[in-house]
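Take a look at the letters that make up each chain.
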Amino acid sequence: MGADTLVGRDRELAALHGLAEAAMSGAPVVALVAGEAGIGKSTLLSTFAAQSGLRLVTGSASQSDGAPAFWPWRRVLDVLAAETSDARRSHPWDGELDEMGTGGSASSQDRFAAFTAVADAVDAATADRPTLVVLDDLHWADAGSLTLLTHLARELRSGRVLIVGSLRPAELNARREGRELVSAVARHHPGAHLDLDGLGFDDISRQLEALLGTAPAPDVVGGVLRRTGGNPLFVRELGLLMRTGDASAVPAPTAVRDAVGEHLAALSMPCRELVAAAAVVGMEVDPALLAAVAELDVANVLEMLDEARRSGVLGEPSTAGRYRFAHDLFRECVALDMPVSRVATLHLRIAEQLGSARGIRRANEIAHHRLAALPMGDHTAAASAAREAAALALHRLAFEDAAAVLDRALAADVPAPTRITILLDAARAHYLAQDVAAAMRLCAEVVEIATGIGDVAAIADAALVAPEVTDPAWSPQVREWCSQALRLLPPAETPLRARLLARRTIAGAFSSDAASMAHDSEQALAMAERVADDAALITALRARQLARSTPDGNSERIVLGRRMIELGSRNNDRDAVFWGRVWRFEALVQSGRLDGTKEDLVALDTLLEQLRQPLHRWHLQRAQCVVRAARGRFAAARRMALDSLDAPSGEPTMADTMTVMGPLLEIAMLTGDTGFDPWPYLPKPDARSGGTQPYGHRLAEWHLAFGRIADAEELYDRLPAAASPAAPFIALVVTASAGAVAAELGDVDGARRAYRELLPHKHLHVASGAGVSITRGSVHHFLGRTAAATGDVPQAIDHFAAACTANDAAGLTPYACGSRLHLAELLAVRNRAGDRDRAATVLAECTAEARRLGMRPVTTAAADLAGRLDDAGELGRLSARQLEVAELVASGLTNRQIADKLHVSVRTAENHVRNIMTTLGFRTRSQIATWVTEHGQSV
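Rules and cut-offs
- Residues numbered from 1 in each chain as written.
- Predicted model: local features only at pLDDT ≥ 70, side-chain atom pairs only at ≥ 80, totals over all residues.
- Heavy atoms only, no water.
- Helix = DSSP H or I, 4+ residues; strand = E, 2+ residues; numbered from the N terminus.
- Buried < 20%, exposed > 50% of the residue type's maximum accessible area, 1.4 Å probe, protein only.
- Pairing = 2+ DSSP bridges.
- Salt bridge = Lys/Arg side-chain N within 4 Å of Asp/Glu carboxyl O.
- Phe/Tyr/Trp six-rings, centres within 6.5 Å; stacked < 30°, edge-to-face > 60°.
- Lys NZ or Arg CZ within 6 Å of the ring centre and 35° of its normal.
- Axes fitted to C-alpha atoms, helices over the stretch in contact; angles between N-to-C directions.
- Parallel < 35°, antiparallel > 145°, perpendicular 65-115°, else oblique.
- Left-handed = near helix turned anticlockwise from the far one by under 90°.
- Contact = heavy atoms within 4.5 Å.
- Nonpolar A, V, L, I, M, F, W, Y, C, P; charged D, E, K, R; others polar.
- Right-handed = clockwise from strand over helix to strand, strands pointing away.

**Q** Any chance you could explain the overall build of the protein here in plain terms?
**A** Summing up its helical and strand segments, the protein has 46 helices and seven strands in all. Of all 939 residues assigned to the protein, the portion counted as buried reaches 57%.

Listed below in structure tokens is the structure:
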């Protein structure tokens, strides 16, 4: 860090001391200090470190693409690991860092476990010794280093440690990992993000006075402020120019570059050429390597490096004899003035000089320089170097680094088989880095090339790169790749054929082709059993579970869950056991046996402690959210749903929509929360997904719940029929929702269709067959709503009574309240002997529970109905025009159709319907239809 005097940073310095005080109390803090180059980040942190009295451990990112993975953390973790034996054992990069082997395979689960071990190690190493960790230049850090820091921001628990990273915001925020880091710090460490701005007039005056030895005139200070924006480094460089001439003549945009030029102009020509070569080598300069590249002897190189040091271009040499540029801006300015051909030639020379070296850092450097030299040099050698560096990065769990170097390797002009290999390696790295879209694009290129040369193995590999992805944007392509590979492979039964059949099934999750999914999954499962391959069997079980996620597959999914648990237990595969438990939980929720899920939830919690993976944590949170919402614990369910969005930032995914927006929307409707906005949780439409919006009917329900009938009608008209759900696993949910909307809007045909589809599953509850995020209670409730809309009041009453019984038995109090309200309303409308007394009893039970749970829409409607039940008079009288409109509503016409028939505006039709509801004390159009059926002839 720099040693300049700190000026104008009292507020930021006080904030850092406050964060340190909190961290030293046993609440670890991760903080960020952001600002442009030269703004004084390093000076602020060096001053704070000197004042804090804490043990200081530092790490610094390297601008060079050849830096090893996790470079900023290496010294930090080595120092902390030396403090405790526990930390040493938990060190995921233990041993000789430069000599790690490349055997074995890595996964995102491996990396999460390693990161968690680091968090535990940092907590242990700092528990008894307060520590300040400073990480410089995070904008240059490799993606793995940023992801590790993000993990620590979330997972540090008890250490007495303050970790502070400096960064340039524009460069960091341009990277996904950078945005996730900033988001995690903002969420978990409020107030720990410090943004450094330029110095003000008085502070610039003080800095110039320290440089010049005399107070500058106000107009000089004002000119410097205008031209530098208060950047302390720029102020310093202009101040140094003032010592030798009139700095006011230097144009503002080139002020710093010209200031650096002043340093370089003082160098001899040979020294300037050497500094240019050093700029290509990297921020840190090895004299021996530089001598070999420049074809000079080491003694001459050392003399010229010392000359550059004296001019201020380079800093003091390290104990290892290496030199660093005084500031990264110096190196950038030097590199900008070099011809492209000269830079490429130097990169190639550096790579050749490093060719005989070994170790991870050298492998990264060789790959960087060979790729930077392209199109010069040996393209095959460049591609080979890139693959070696990527393999080392994968072994060290630096997935993003591996992806980046392999992406660069694609610029090499190599034969088709070699390019396929690079593409597949890059796709796997991107998949591990959770960039599915990039992985799929690379796989598409693999299939295109492999098809042209008849490489069926490569096509199969491309289809299996992302084995569990069900993204509707890519699934159709993956299904086609699987089909293509299956057609070209020999017909013999093999684990590969079983895996391809299973993968084709999984890729069909968002298709409506349930028959093909069932056929493929049955074949895959039988084949995996016959070839006795447990890995293929796990994939086949997963595929079969998804294929049988339709309502009629509920019982089979419980069996499949048990099989997965047994297989995982036999192989000590906790991940498989976890998934088996998830499948059982989902099937039990859909069958209305919520009490039966307790065993599975306890087991999932225990497994999470052992697996400690974000995906597993997300699934457990999802399951716990389902139970809390179903029991009426709305605040806890809402918090849990929002917590599941903690990790990734940016555009919401389909998973976000279905597992976050779903429960939040349901809770808003149950509690009457008018402030909830679902739109931030919805992904943008994607043409490749066919424009299907499986959550559209739910949004129409939401509009209706808050009286926005026109919005609901407009949306409903654009949605597919209930008979065509977007995917088999949400068929029951979509059909129930579509039926509810049809009933509310008076679409008798739509309500009748939904009734037919729901009736075979009346014993189930409305929940998806996979990825359950909410249960909406007994199917009988939705059968009651659709039956009422078609005018079958006795059948509707029976269904609502059955729904009350089923929801009570399952402990779904909120949904039992809803069913009782609908039952009471229908009894009041029918108004036969005993109906009013029965309605009053049902309503009293509903009101007490709804009030306790905070279900405002139910309590309001119940109070209104109770008032009408207490009134022995008529429920209301309609005018002739209102009777005409009521009969049209009962016949299934929408407001727009009523307007056309009566030759009035849509708004007038809406007002008529609204006035009818007010007069009769109704909430829904289906109640009008029922009233017409029961009373229309006598009114």
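**Q** For this particular structure, what's the right way to read the pairing of strand E1 (residues 29-34)?
**A** Looking along a regular strand, one sees side chains alternate from face to face of the sheet. Taken across its six residues, E1 has six buried, putting it largely inside the fold. The side-chain alternation of E1 yields two buried faces, one formed by Val29, Ala31 and Val33 and the other by Val30, Leu32 and Ala34. Sheet topology note: the E1/strand E4 (residues 161-167) ladder contains six bridges and is parallel. Each residue of the ladder has a partner; that of alanine 34, found in E4, is leucine 167. Pairing of E1 with strand E5 (residues 193-195), which is carried by three bridges, proceeds in the parallel orientation. Pairing of valine 33 across the sheet is with leucine 194, part of E5.

**Q** I would appreciate a short explanation of the pattern of salt bridges in the present structure.
**A** A side chain with one charge may pair with a side chain of the opposite charge, provided their charged atoms come close. Overall, the coordinates contain 43 salt bridges when judged by the stated rule. For glutamate 284, the salt bridge goes to arginine 324, with nearest N and O atoms at 4.0 Å. Placement of glutamate 284 in strand E6 (residues 284-285) and of arginine 324 in strand E7 (residues 323-324) is noted, with a sequence separation of 40 residues between them. Since its relative accessible area comes to 24%, glutamate 284 is described here as partly exposed. In this structure, a network of salt bridges that share partners links the residues Glu284, Asp286, Arg322 and Arg324.

**Q** Any chance you could explain the packing of aromatic side chains here in plain terms?
**A** Any pair of aromatic rings gets described here by the distance separating the centres and the angle formed by the planes. Scanning the model with the defined rule gives four aromatic pairs in all. Ring plane angle 85° and centroid distance 5.4 Å describe the contact between phenylalanine 510 and phenylalanine 729, whose orientation is recorded as edge-to-face. Note that phenylalanine 510 is positioned in the loop between helix H25 (495-507) and helix H26 (514-530) and phenylalanine 729 in the loop between helix H35 (709-717) and helix H36 (731-745), a separation of 219 residues in sequence. Of note, arginine 542 hangs over the ring of tryptophan 579, and the distance from its end group to the ring centre comes to 5.0 Å. It is arginine 708 that lies over the ring of tryptophan 702; its NZ or CZ is 4.3 Å from the centre.

**Q** Hey, could you run me through the environment of serine 555 in this one?
**A** One can find serine 555 in helix H28 (residues 554-570). Sequence-wise, serine 555 and serine 591 are 36 residues apart; in three dimensions their C-alpha atoms are separated by 8.5 Å.

**Q** Help me understand the packing of H36 against helix H38 (residues 779-789) in this model?
**A** What describes two packed helices is the angle between their axes and the distance between those same axes. Across the interface, H36 lies against H38 with an axial gap of 9 Å and an inter-helix angle of 30°. Taken together, the axes of H36 and H38 are roughly parallel relative to one another. For the pair H36 and H38, the sense of crossing is left-handed. Facing H36, whose interface residues are Leu732, Ala736, Gly739, Ala740, Ala743 and Glu744, H38 presents Val779, Phe782, Arg785, Thr786 and Ala789. When the residues that make up the contact of H36 with H38 are grouped by side-chain class, the tally is seven nonpolar, two polar and two charged.

**Q** I'm lost on the sheet that holds strand E2 (residues 55-60) in this one. Help?
**A** Strand pairing within a sheet occurs via backbone hydrogen bonds; the two strands may be parallel or antiparallel. Judged by pairing direction, the sheet is parallel, and its five strands sit side by side in the order E2-E3-E4-E1-E5 without closing on themselves. Across the chains shown, the open sheet's two edge strands, defined by having one partner strand only, are E2 and E5. Sheet twist, expressed as the average angle between the axes of neighbouring strands with direction ignored, equals 15°. Contacting E2, strand E3 (131-136) and E4, helix H3 (residues 71-81) crosses the sheet at an angle of about 155° to E2.

**Q** What am I meant to see in unusual backbone geometry here?
**A** It is generally the case that most residues other than glycine have a negative phi and that most peptide bonds are trans. The omega torsion of the bond from leucine 374 to proline 375 falls at 10°, within 30 degrees of zero and hence cis. Summarising the element assignment, proline 375 is placed in the loop between helix H18 (360-373) and helix H19 (379-395). Located in the positive-phi region is leucine 397, a residue other than glycine, with phi close to 70°. Relative to the assigned elements, leucine 397 resides in the loop between H19 and helix H20 (399-409).

**Q** What am I meant to see in the pairing of E4 here?
**A** Where burial is concerned, most of E4 is hidden: seven out of the seven residues are buried. Burial along E4 is two-sided: Val161, Ile163, Gly165 and Leu167 facing one way and Leu162, Val164 and Ser166 facing the other are all buried. Across five bridges, the pairing between E3 and E4 is parallel. Counted as the bridge partner of threonine 131 is valine 161 from E4. Tracing the backbone out of E3, into helix H6 (residues 143-155) and back to the parallel element E4 gives a crossover that is right-handed.

**Q** Could you clarify how one ought to interpret the packing of helix H13 (residues 269-281) against helix H14 (residues 287-294) in this entry?
**A** At a closest axis distance of 10 Å, the pairing of H13 and H14 adopts a crossing angle of 115°. Along this stretch, H13 crosses H14, giving a crossing that reads as right-handed. Residues Leu274, Ala277, Ala278 and Val281 of H13 touch H14, and the partners they reach there are Leu289, Leu290 and Ala294. Class assignment of the residues belonging to the contact of H13 with H14 gives a composition of seven nonpolar, no polar and no charged.

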